[in-house]
Structure formats: C-alpha cells, structure tokens
Amino acid sequence: MTALLEVRDVSVVFDGFRALDGVDFTVDHGELRFLIGPNGAGKTTLIDIITGLTKPTTGTVGFDGAVINGKREHERVRLGIGRTFQTSVVFEELTVLENLDLAASFRRPLLSLLARRRGVTEKVAEALETTGLGDLAKKKAGVLSHGQRQWLEIGMLIAQGPRLLLLDEPVAGMSADERARTGDLLTEIAKDHTVIVIEHDMDFLRRYASTVTVLHEGKLLIEGSVDEVRADPRVQEVYLGRAREEAAHDVVS
Amino acid sequence: MTAILEKPPVTPAPVKEPRDWRGPALFALVAVIGLVVMPLVLEPFRLGLLAKYLTYAIVALGIGLAWGQGGMLTLGQGVFFGLGGYAMGMHLKLNDAGDGLPDFMVWSGVETLPALWEPFRNPVFAIAMVVVVPGAVAWLLGTLVFRQRVRGAYFAILTQALAAAMVILLVGQQGLTGGTNGLTNFFEFFGQDVAADSTQRGLYFTVAIVLGVLFLGAWQLQRSRFGRLLLAVRDGEDRVRFLGYNPATVKTITFTLSAVMAGIAGALFVPVVGIISPALLGVVPSLELVVAVAVGGRFALAGAVLGAVLMGYAKTYFSEELPDAWLYLQGALFILVIGLAPKGIIGFFRRKDVTA
C-alpha cells in the first residue's frame with residue numbers, strides 16, 4: 001500500500017528566501033507524526049504546502065497516490081485533508097453546535113444547505129463527545145476560552161471525517177492542565193486517524209509523540225523515534241542546544 | 001469546564017429546539033398593519049409614498065442579506081434597481097406607444113424601434129428580464145471578482161464605480177434610454193390607468209406582499225445552514241475555505257439574490273412613482289439605501305427594512321419642512337449610528353445574545 005501523504009522534493013522560495021529546500025516527507029496511513037524544528041524551520045510552510053495555502057516553487061504533493069499540486073484549498077479539504085491554525089479561528093457568532101454542524105455539512109449539496117438544521121447529526125454528536133464540549137453546545141463560540149476554541153477546532157476537523165489531520169501547534173498558549181487534556185484528545189483521535197502535529201513544546205513531545213520529523217532552515221534534518229531524535233547530535237545542536245543556550249542566557253540575566 | 005478525559009455521561013443532544021414565536025408574531029403584526037391598517041388610514045397620496053418606501057425596503061432587504069449577513073458592502077444596488085426598472089419601463093412605454101414609437105424616441109429623432117426594445121413588447125419577457133438581467137449581471141460580476149478574492153473596500157468601490165458607469169451609459173444613449181430624463185409619462189399598467197387611485201392601491205398591495213414574501217424567503221435563508229455558512233464567510237472567509245466550502249460560490253449566490261431583489265424593487269417602483277431615470281439609480285441613491293440599512297440595523301433583516309421605511313419618511317418629512325437640513329441630518333445620522341450604535345435602531349430592541 002502506498003503512503004497516504006508523499007511530499008517529494010518540495011522547495012518554496014519567498015522573494016529569494018528559501019523557506020523549504022528539497023524536502024521529502026512521507027506519512028503512512030494511521031500514523032501520528034510530530035513535526036518539530038526551531039522557529040523559521042519551515043514547519044508551517046510545509047503544512048501550507050500540503051493544504052494548498054502556499055504553492056510550492058518546485059516539487060510535488062501526493063495524497064493517496066495522486067498528485068494534488070493543482071487543487072485549491074477547499075478541494076483538498078474535500079479529498080480529506082483537514083487542518084487547524086496556530087491562532088484558532090472559530091466562528092464567534094455561531095454556537096459551538098453550529099460551528100460543528102457547519103464543518104460536518106461540507107459534503108452536502110448546496111441546495112440541501114437551504115434547509116434548516118434540525119437536531120444534531122451523529123457526526124456532530126460524536127465530535128461533541130470526543131472534545132467534551134457537550135455542555136457548551138448552545139453557547140456562542142465567541143465566549144469560549146483559548147483552550148476550548150482549540151478543542152472546538154479539532155472537533156470541527158473530526159466532524160469532517162478527514163483522512164489526514166494537520167494540527168499547527170495545538171497546545172501553544174495553553175495551561176498545563178489544558179495541555180494534558182489536549183494530549184489525551186490527540187491520543188484518542190490518533191487511534192483512528194492519520195495525524196500530523198506541529199509542536200514546539202519538547203515536554204509535550206516526549207509524552208505523546210512516537211515518530212518525529214525535524215526540520216531545520218527549510219531542510220529535513222532527521223526522522224525517527226523520539227529517542228533517536230533526541231539522541232541525534234545535530235538535533236541537539238540546532239534545537240536542544242539552542243534551548244540550553246537560552247537557559248544559560250536566562251541564568252546570566 | 002468539561003474534562004476531556006472524564007467525559008460526563010453523554011447527555012443525548014436535544015433533538016428539537018424550542019420554537020421562538022416572537023419573530024413570527026411580530027411579522028404577523030406588521031403584516032396586519034401593512035395590509036389592513038395602512039390602506040384604511042392613509043389617503044391615496046400617502047399610501048403611494050409608503051408604496052415607494054416599501055420598494056426601497058425590498059432593495060434594503062437585499063443589502064441586509066449581502067452586507068449584514070454576507071459582509072459584502074455593495075454600494076451599487078442602484079444598478080440592479082435600474083436594470084429592473086428600465087425593463088419594466090420599456091414595456092410600459094411600448095405598451096403606451098402602441099404601433100408608434102415611445103415619445104422620447106420621437107423627440108430624439110429615432111425613426112425605427114431599436115432591436116433591444118422589440119422583445120420588451122411581450123409582458124412575460126419584460127417581467128422575466130426584471131429578474132434575469134440583474135441576476136445575470138450580479139452573477140457574472142460575483143463570479144469574476146469573488147473568485148479573485150476581491151473583497152472589503154475594493155469590492156465596495158467596484159460596485160460604486162459600476163453605478164457611476166451605469167449612469168453615464170444611460171445618459172449617453174439618449175435615443176435608446178431617454179437620457180437624463182429616463183422613462184416617464186406612463187399611462188397604462190397592464191390594462192389599468194396607472195394614475196388611478198384603484199390601480200395605485202392595487203400596486204401598494206402588490207409591493208407590500210412582494211416585500212413580505214421576499215422577507216420570509218430571506219429570513220428562511222438566514223436561518224438555514226446556508227445562512228450560517230454566509231455568516232461564517234463574513235467572519236472568516238479563509239477559514240471557511242479550510243472547511244471545504246468555496247466562499248466565492250456562497251458570496252456569488254447571495255450577491256445575485258440581493259441583485260434580483262433590487263431588480264424586482266425597481267420594476268415595482270416604475271408604476272408606483274411613474275418614472276425611472278439615471279438620477280434614481282446612481283451613486284447617491286445607492287449610498288442612501290446603504291445608510292438606511294446601517295441606521296435600521298444591518299445585522300438583522302428586519303433592521304434593513306425598518307431603516308429603509310424610516311429614512312424614506314424622514315427624507316419626505318424634512319424635504320417638506322426643512323429642505324436644506326435633510327442632507328446634513330442624513331450624514332449626521334449615519335455617523336452617529338456607525339460610531340455609537342453599530343447594530344442600528346434594531347440593536348436597541350434585541351436581546352444581547354441574538355445578533356444574526
């Protein structure tokens with residue numbers, strides 16, 4: 001069986017700046033993959049390439065055996081590629097339930113959207129349950145906390161029944177408690193979905209990651225298990241080493 | 001907050017939400033006032049004025065849909081109002097002229113009826129064009145610009161430019177369009193004397209019922225999943241794209257609906273007021289209606305309708321009493337509303353938790 005996602009030799013150049021440089025990136029069905037790297041390593045750019053927000057300068061993006069370079073964003077979503085953003089964007093004027101329902105309805109023909117929503121569909125109920133937002137279903141999304149918004153976004157993704165989920169820093173800005181819950185939610189989702197997670201947080205990584213891909217300055221540095229990656233001297237240099245320097249800096253100042 | 005780990009026992013999601021009867025009750029009340037009380041208490045001249053405001057309210061309803069719900073600030077609804085109005089006006093002119101030419105063509109030295117006019121003899125064709133032409137123009141424009149992700153102020157300016165261009169076109173084609181004077185001096189409206197009180201009364205009822213039906217349709221649309229999607233497009237077009245919808249399609253459909261409403265309004269305006277001319281559909285009247293919608297409350301369809309009727313009355317009242325003050329008052333009102341009450345008049349009557 002071919003891999004679900006195959007990014008081949010992708011480069012992206014923004015005004016002379018190489019955000020990505022000949023990156024190969026393959027994710028198999030059912031994998032939970034973490035994507036890490038220092039700021040500016042090209043993590044989000046890679047996600048943007050996969051979802052169609054950015055066009056690669058060279059290289060191809062393959063999804064489920066077909067090259068999808070020419071597809072637009074919403075077409076890729078219809079193929080089953082869903083994503084969240086670093087800053088969560090839920091629709092504040094809609095209730096939690098309406099947000100989920102809207103996400104779940106995207107395959108309905110346009111004409112059937114003219115009918116009112118009656119009750120709650122199975123997929124939406126499932127997403128409410130998985131994310132634990134059931135009690136907030138009728139609240140406007142605008143009143144949710146930062147953590148709840150992220151969960152709602154993840155819930156919206158699940159409600160779409162995607163084949164590949166891309167989560168861009170889902171725990172950024174969360175409290176320790178919220179991080180733990182998001183980690184559990186992630187483990188739960190990864191049971192029956194293919195998931196790619198961008199994450200900075202090393203602690204989070206150690207607890208929830210299995211396979212990790214490290215990007216550095218637009219290039220793929222190493223791919224392997226958490227332990228392999230942590231033991232790799234290059235990673236320590238570009239990533240952990242920097243953290244050590246920062247720690248030393250903190251002590252000095 | 002609900003824990004994700006310790007899930008609460010799943011409460012079966014509510015299958016039906018309780019119905020809110022206040023909206024329908026209010027609609028029924030307004031319908032009774034509009035269809036029973038007003039025709040009884042208003043003298044023919046005042047009833048005619050109300051009919052005129054109600055045609056504006058139909059345009060406003062479309063603006064409420066496109067701008068309030070969909071975030072498309074359209075400053076050129078006059079274009080569609082005009083297209084509908086001219087389609088109707090052309091039919092009435094031809095009907096009055098019989099075998100001859102419409103009067104203004106004779107004055108302009110036109111000797112044969114232009115080919116564009118010929119099919120408008122047929123009332124069915126003319127009425128179809130009232131809907132089809134504005135709809136097609138809006139669809140074309142929407143398809144072109146929304147796909148290219150033209151939005152916000154750029155879209156607003158584009159629509160305004162369209163209104164200005166339309167006026168120039170109409171004024172320039174004197175022999176074809178009646179130029180600055182437009183089309184006027186109508187005598188007969190579908191077999192009736194257009195100036196007769198009974199005809200005007202019938203027209204009032206027609207306008208009121210059309211407004212009511214369109215309002216119900218727009219209301220249903222707003223409450224549907226499409227309506228939710230439209231709000232989502234307004235508040236986060238890019239996010240909607242990543243939900244698998246094409247925002248351009250949603251916007252094009254809505255913009256087209258709003259244009260069709262303006263076209264119908266224009267067609268009704270012609271027999272009610274007895275004229276359609278470039279001055280009635282240019283930049284200024286288009287803007288006036290946007291101001292009216294803002295004053296009434298753009299986030300609610302009822303606000304848009306209310307705004308159009310109130311501003312219509314205010315304009316008439318002040319033009320009768322203090323002709324010089326009206327423009328200043330209108331501008332001041334707009335600034336006040338945008339600055340202090342962005343939800344408009346209707347915003348004062350709505351509960352805090354209801355916005356859409």
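What counts, and at which threshold
- In every chain, residue numbers begin from 1 and rise along the written sequence.
- Chain labels run from A onward and ligand labels from 1 onward, assigned in the order the entries are written.
- With the structure being a predicted model, the display of local features is reserved for residues of pLDDT at least 70 and the display and counting of side-chain atom pairs for 80 or more, all residues being used for whole-chain, interface and lining totals.
- For the side-chain quantities, the full set of heavy atoms in the structure was used; hydrogens and water were omitted.
- Secondary structure follows DSSP: runs of H or I at least 4 residues long count as helices, runs of E at least 2 residues long count as strands, and numbering of each begins at the N terminus.
- Throughout, the radius of gyration refers to the C-alpha atoms, and the reference size of a globule is 2.2 Å times the residue count to the power 0.38.
- With a 1.4 Å probe rolled over the protein chains alone, any residue whose accessible area is under 20% of its type maximum counts as buried; one over 50% counts as exposed, and the rest are partly exposed.
- Any two residues having at least one pair of non-hydrogen atoms within 4.5 Å are treated as being in contact.
- Computed with the Shrake-Rupley method and a 1.4 Å probe, the accessible areas treat only the protein chains shown as cover for residues.
- Note on terms: buried area is the combined drop in 1.4 Å-probe accessible area of two parts once they are placed together, counting the loss on both.
- We define a salt bridge as a contact between a side-chain nitrogen of Lys or Arg and a carboxyl oxygen of Asp or Glu at a distance within 4 Å.
- Paired rings are identified among Phe, Tyr and Trp, the last through its six-membered ring, by centres lying within 6.5 Å, and are further divided according to the angle between planes into stacked (under 30 degrees), edge-to-face (over 60) and tilted (the rest).
- Grid points spaced at 1 Å over the protein atoms alone were grouped into cavities, where a 1.4 Å probe fits but cannot get out, and pockets, open sets with protein on both sides within 12 Å along at least five of seven lines, with lining residues defined by an atom within 4 Å of a point.
- Grid points are joined across faces, edges and corners, and a volume is the space filled by probe spheres set on the points.
- Note that Gly is not counted as nonpolar here; it falls among the polar residues with everything else outside the nonpolar set of Ala, Val, Leu, Ile, Met, Phe, Trp, Tyr, Cys and Pro and the charged set of Asp, Glu, Lys and Arg.
- Strands were regarded as paired on the criterion that DSSP finds at least two bridges between them.
- pLDDT is a residue-level measure of predictor confidence that goes from 0 to 100.
- Helix axes are fitted only over the stretch in contact, all axes being lines through C-alpha atoms; the angle between N-to-C directions runs from 0 to 180 degrees.
- For patch building, the residue pool is restricted to those with more than 30% relative accessible area and no salt bridge; the joining distance is 9 Å between like charges and 5 Å between nonpolar side chains (Val, Leu, Ile, Met, Phe, Trp, Tyr).
- Counting rule for charge: Lys and Arg are taken as positive, Asp and Glu as negative, and neither His nor the chain ends is counted.
- Here the site of a charge means atom NZ of a Lys, CZ of an Arg, CG of an Asp or CD of a Glu.
- Pairs of N or O atoms within 3.5 Å make up the polar contacts considered here, provided that, within protein, one atom can donate a hydrogen while the other can accept it, and that residues adjacent in sequence are counted only when both atoms are side-chain atoms.
- Note that the term roughly parallel is reserved for angles under 35 degrees, roughly antiparallel for angles over 145, roughly perpendicular for angles of 65 to 115, and oblique for everything else.

Trainee: If you had to explain the overall build of chain A to someone new, which residues and values would you point to?
Mentor: Looking only at helices and strands, chain A has nine helices and 10 strands in total. Scaling as 2.2 N^0.38, a compact globule of 253 residues should have a C-alpha radius of gyration of about 18 Å, and chain A matches this with 19 Å. Overall size of chain A, expressed as C-alpha extent along the three principal axes, is 55 × 45 × 35 Å. By residue count, 54% of the 253 residues in chain A fall in the buried class. When contacts within chain A are restricted to residue pairs at least 6 apart in sequence, long-range pairs at least 24 apart make up 67% of them. Accessible area for chain A stands at about 10,800 Å²; split by element, carbon and sulfur atoms hold 50% of it.

Trainee: Summarise the interface of chain A and chain B; cite the residues concerned and give the values.
Mentor: Counting residues at the interface gives 46 residues for chain A, matched by 38 residues for chain B. Between chain A and chain B lies a buried interface of about 4,300 Å² when both sides are counted; carbon and sulfur atoms form 59% of it. Considering only the surface of chain A that becomes buried against chain B, Phe91(A), Leu102(A) and Arg116(A) emerge as the three largest contributors, covering 15% of it. Our count for the contact surface shared by chain A and chain B stands at four salt bridges.

Trainee: Describe the packing of aromatic side chains, and please don't skip the residues or the numbers.
Mentor: All names here are of chain B. With the rule as written, the count across this model stands at 19 aromatic pairs over all chains. Summarising the aromatic geometry, the rings of Phe27 and Phe215 are spaced 5.8 Å apart at their centres and angled 10 degrees between planes, so their arrangement reads as stacked. Of this pair, Phe27 sits in helix H1 (residues 22-41) while Phe215 sits in helix H8 (residues 197-223); the two residues are 188 residues apart in sequence, bridging distant segments of the chain. Judged by relative accessible area, which is 26%, Phe27 ranks as partly exposed.

Trainee: Outline empty space enclosed by the protein, listing residues and values.
Mentor: Under the counting rule described, the total for this entry stands at three cavities of 30 Å³ or more. Volume-wise, the largest cavity comes out at about 70 Å³. Considered class by class, the residues forming the lining of the largest cavity number three nonpolar, two polar and six charged.

Trainee: Account for the sheet that holds strand S2 (residues 17-27) of chain A, naming residues and giving values.
Mentor: All names here are of chain A. Spatial strand order, S2-S1-S4-S5: four strands in an open sheet with antiparallel pairing. A single partner strand is all that each edge strand has here, and the edge strands are S2 and strand S5 (66-67). Direction of pairing for strand S1 (residues 5-14) relative to strand S4 (residues 58-63): antiparallel, over a ladder of five bridges. When the bridges of S4 are listed, Val7 appears paired with Val61.

Trainee: Talk me through the confidence of the model for chain B; I want residue IDs and the actual numbers.
Mentor: Residues and elements named next belong to chain B. With 93% of its residues at a pLDDT of 70 or more, chain B has an overall mean of 90. At the level of individual helices and strands, chain B shows its lowest average pLDDT in helix H13 (residues 326-340), which scores 87, and its highest in helix H10 (residues 247-273), which scores 97. Across residues 1-14 the pLDDT falls below 50, and counting only partners more than four positions away or on other chains, this stretch makes 23 contacts in the model. Taken as a whole, residues 352-356 scores under 50 in pLDDT and shows 12 contacts with residues more than four places along the chain or in a different chain.

Trainee: Break down the pairing of strand S3 (residues 32-36) of chain A for me, citing the residues and quoting the values.
Mentor: All names here are of chain A. The buried fraction of S3 is high, at five of five residues. Side chains Leu32, Phe34 and Ile36 project from S3 onto one buried face, and the interleaved Arg33 and Leu35 project onto a second face that is buried too. Two strands pair when backbone bridges link them, and S3 and strand S8 (residues 194-198) are joined in this way by four bridges, in the parallel orientation. Bridge assignment links Leu35 to a residue of S8, and that residue is Ile198.

Trainee: Lay out the pattern of salt bridges with the relevant residues and their values.
Mentor: A complete count under the given rule lists 29 salt bridges over all chains for this structure. One salt bridge in this structure joins Asp24(A) and Arg8(A), with 3.7 Å as the shortest N-O distance. Here the residue Asp24(A) occupies a position in strand S2, and Arg8(A) occupies one in strand S1, the gap between them amounting to 16 residues. Among the residues examined, Asp24(A) registers a relative accessible area of 38% and is labelled partly exposed. Measuring nitrogen to oxygen at the nearest pair gives 3.5 Å for the salt bridge that ties Arg18(A) to Asp21(A). Given the relative accessible area of 43%, Arg18(A) is considered partly exposed. If you follow the salt bridges from partner to partner, you end up with Arg151(B), Glu237(B), Asp238(B), Arg241(B) and Lys251(B) in one network.

Trainee: Can you lay out the packing of helix H3 (residues 77-97) of chain B against helix H6 (residues 152-172) of chain B for me, pointing to particular residues and giving the numbers?
Mentor: For the pair H3(B) and H6(B), the least separation of the axes is 9 Å and the interaxial angle reads 35 degrees. In this structure, H3(B) uses Val79(B), Gly82(B), Leu83(B) and Tyr86(B) to contact H6(B), whose residues at the interface are Leu162(B), Ala163(B), Met166(B) and Leu170(B).

Trainee: Give me the environment of Ala153(B): which residues, what numbers.
Mentor: Residue and element names in this part refer to chain B. Counting through the fold element by element, Ala153 comes out in helix H6. On the accessibility criterion, Ala153 (51% relative accessible area) is exposed. Sequence separation of Ala153 and Gly70 is 83 residues, and the distance between their C-alpha atoms is 14 Å.

Trainee: Can you lay out unusual backbone geometry for me, pointing to particular residues and giving the numbers?
Mentor: Glycine aside, the phi torsion of most residues is negative, and most peptide linkages are trans. Although it is not a glycine, Asp9(A) sits at a positive phi angle of roughly 50 degrees. Residue classification places Asp9(A) among the partly exposed residues on the basis of a relative accessible area of 45%. The backbone of Arg149(B) sits at a positive phi, close to 60 degrees, despite the residue not being glycine. Summarising the element assignment, Arg149(B) is placed in the loop between helix H5 (123-147) and H6. Classification of Arg149(B) as partly exposed rests on a relative accessible area of 34%.

Trainee: Please give an account of a negative patch on the surface that cites residues and values.
Mentor: Taken together, the side chains of Glu122(A), Glu126(A), Glu129(A) and Asp192(A) make up a negatively charged region of the molecular surface. Of note, Glu122(A) is situated in helix H4 (residues 122-131).

Trainee: Which residues make up the environment of Tyr204(B), and what values go with them?
Mentor: Residue and element names in this part refer to chain B. By secondary structure assignment, the location of Tyr204 is in helix H8. Separated by 18 residues in sequence, Tyr204 and Phe186 have C-alpha atoms that sit 17 Å apart. Those residues in contact with Tyr204 that sit more than four places away from it in its chain are Gly34, Met38, Pro39, Leu47, Leu50, Ala51 and Leu54. A polar side-chain atom of Tyr204 sits 2.6 Å from the main-chain carbonyl oxygen of Gly34.

Trainee: Summarise the environment of Gln222(B); cite the residues concerned and give the values.
Mentor: Residues and elements named next belong to chain B. Turning to its location among the elements, Gln222 is positioned in helix H8. Residue class for Gln222 comes out buried when judged on its relative accessible area of 8%. It is 23 Å that separates the C-alpha atoms of Gln222 and Ile338, two residues lying 116 residues apart in sequence.

Trainee: So, the packing of H8(B) against H10(B): which residues are in play, and what are the values?
Mentor: Residue and element names in this part refer to chain B. Put simply, H8 and H10 touch, their axes get as near as 10 Å, and they point 170 degrees apart. Comparing the axis directions of H8 and H10 gives the class roughly antiparallel. Packed against H8, whose contacting residues are Gln200, Leu203, Thr206, Val207, Val210, Leu214, Ala218 and Leu221, the element H10 presents Leu257, Met261, Ile264, Leu268, Pro271 and Val272 at the interface.

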